[in-house]
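If you want the building blocks of each chain, they are given just below.
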Amino acid sequence: RNTPFAFIYNKITMSRYNTNESSNDCHENKKAFQVIKINEAFSEVLQQSAMKMAEFTQQVDDNNKIPNFGIKAAELIRDALENFDNQIEEPLKEWTLVIKKKQELETMLDTSLNCIFLKQLSILRELSIVHFKSASTNEDIPEDFAFFTADSFYVREAEDSVMPGSYWSYSTERVNLHNTIREISNRRKQLISEKIQHAEHQANAFQYLQMQQAQIQAIQQQQYGGSPGSWNVGLAYRPPDSNLNVSMGYQQGKTNIQVSMVPDEQAGLLGPNGFTSGVGPANLGVSLNLNF
């Protein structure tokens, strides 16, 4: 009805509706602003944590072990969550969005730190192999003890690298380490065995040559030294007034002739003819060796 009272009623109703709508818009704007602050806090904390993790990554990329990495990883996550929580107003901490953001932040940091943990295990593996090789080179240390020493070092360092209360594990990497050490040990045993066999072959060959040489000497002795009619003859002649010296020898079936130019150092004492005119007919010298 178009009455003055109806007009006034409609005016009041529209005024209430506009007031409620304005209040809803204000509430939505405030909520959107709070969501933006939550996301900004999340990004800031994540960036700060990434800078700290970059230092860890650089250290393991340089093949350097991070001491007490497990405790340091737990402290990084704890500080990040506390920093994020401090930037959120108290009424908003029970929001589902805030809870999800905290879970997402913890998951992202845990995943990144776990990658660094795996790199740390690779470094520990190499260090353990060095420990095993160093201990096994000492002949006084049993190989089982060298294996135990390397494994104990790996377990001790890996335990220090596991973040407390996490799902991190090094069991698979430890099995791989055992297999690698056993392979190194088997190769070393095979190499030592080959060296021993080679030495035995050399010793057998040397012994065989010694036996052959002894047999040859026995045959030669029997043929030339012990049998009758075996002669060793040596002749030498120097023409008078010359430095020419001719010598011939026959020994054990071999003939040797030597011609040399050697001055006679005694010529000034013995005269121009020296010994050539003083010994035997035809100036010949004779040497006789008899073997019995």
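Residues numbered from 1 in each chain as written. Predicted model: local features only at pLDDT ≥ 70, side-chain atom pairs only at ≥ 80, totals over all residues. Heavy atoms only, no water.

Quick notes on the packing of aromatic side chains
Using the criterion set out here, one finds five aromatic pairs in the structure. Taking the centre distance of 5.0 Å and the plane angle of 25° together, the rings of F117 and W168 count as stacked. With F117 in helix α3 (residues 96-136) and W168 in the loop between α4 (143-161) and α5 (171-225), this pair connects stretches of sequence that are 51 residues apart. On the basis of relative accessible area, F117 is assigned to the buried category, the value being 0%. A ring pair is formed by Y154 and Y170, whose centres lie 6.3 Å apart and whose planes are at 75°; its orientation type is edge-to-face. (Phe/Tyr/Trp six-rings, centres within 6.5 Å; stacked < 30°, edge-to-face > 60°. Helix = DSSP H or I, 4+ residues; strand = E, 2+ residues; numbered from the N terminus. Buried < 20%, exposed > 50% of the residue type's maximum accessible area, 1.4 Å probe, protein only.)

With respect to the pairing of strand β2 (residues 244-251)
When strand β1 (residues 233-237) meets β2, the two strands line up antiparallel, connected through five bridges. Looking at the pairing, G234 lines up with G249 of β2. Between β1 and β2, which pair antiparallel one after the other, the connecting turn spans six residues, and D241 there sits at a positive phi close to 55°. (Pairing = 2+ DSSP bridges.)

A word on the packing of helix α2 (residues 69-86) against α3
Two numbers describe how α2 lies on α3: the axes approach to 10 Å, and their chain directions differ by 160°. In terms of their interaxial angle, α2 and α3 are classed as roughly antiparallel. Judged by the twist between their axes, the crossing of α2 over α3 is right-handed. Contact residues: α2 offers F69, A73, L76, I77, A80, L81, F84 and D85, while α3 offers V98, K101, K102, L105, E106, L109, D110, L113, I116, F117 and Q120. When its residues are assigned to classes, the contact of α2 with α3 shows 13 nonpolar, one polar and five charged. (Axes fitted to C-alpha atoms, helices over the stretch in contact; angles between N-to-C directions. Parallel < 35°, antiparallel > 145°, perpendicular 65-115°, else oblique. Left-handed = near helix turned anticlockwise from the far one by under 90°. Contact = heavy atoms within 4.5 Å. Nonpolar A, V, L, I, M, F, W, Y, C, P; charged D, E, K, R; others polar.)

Focus: the pattern of salt bridges
In the structure shown here, the tally under the stated rule is seven salt bridges. Between D85 and K102 there is a salt bridge, and its shortest N-O distance comes to 3.7 Å. On the criterion of sequence distance, the pair formed by D85 in helix α2 and K102 in helix α3 is long-range, its members being 17 residues apart. Using a relative accessible area of 23% as the deciding quantity, one classes D85 as partly exposed. K101 serves as the salt-bridge partner of E104, at 3.9 Å between the closest nitrogen and oxygen. (Salt bridge = Lys/Arg side-chain N within 4 Å of Asp/Glu carboxyl O.)

Points about unusual backbone geometry
For N63, which is not a glycine, the phi torsion comes out positive at approximately 65°. When you line up the elements, N63 lands in the loop between α1 (4-61) and α2. Of the residues examined, N63 reaches a relative accessible area of 55% and is grouped as exposed. At N68, a position not held by glycine, the phi torsion is positive, near 50°. Its place among the elements puts N68 in the loop between α1 and α2.

Describing α4
Between its first and last C-alpha atoms α4 spans 27 Å; for 19 residues at 1.5 Å apiece the expected length is 27 Å, and the two agree. Within the sequence span of α4, burial applies to A146, A150, D151, F153, Y154, E157, A158 and S161. Down the axis of α4, the buried set is contained in an arc of 155°. They therefore lie on one face. Relative to its buried face, α4 has exposed residues pointing more than 90 degrees away, namely D144 and F148. (Expected span 1.5 Å × (residues − 1). Arc of directions from axis to C-beta.)

Considerations on the environment of Q103
Counting through the fold element by element, Q103 comes out in helix α3. Placed 22 residues apart in sequence, Q103 and L81 show a C-alpha to C-alpha distance of 9.2 Å.

Structural notes on the side chain of N114
With respect to the helices and strands, the residue N114 is situated in helix α3. Here W168 takes part through its side chain, which lies 3.4 Å from a polar atom of the side chain of N114. Once residues lying within four places of it in the same chain are set aside, the contact partners of N114 are Y167 and W168. (Polar contact = N/O pair within 3.5 Å; in protein donor to acceptor, adjacent residues only side chain to side chain.)

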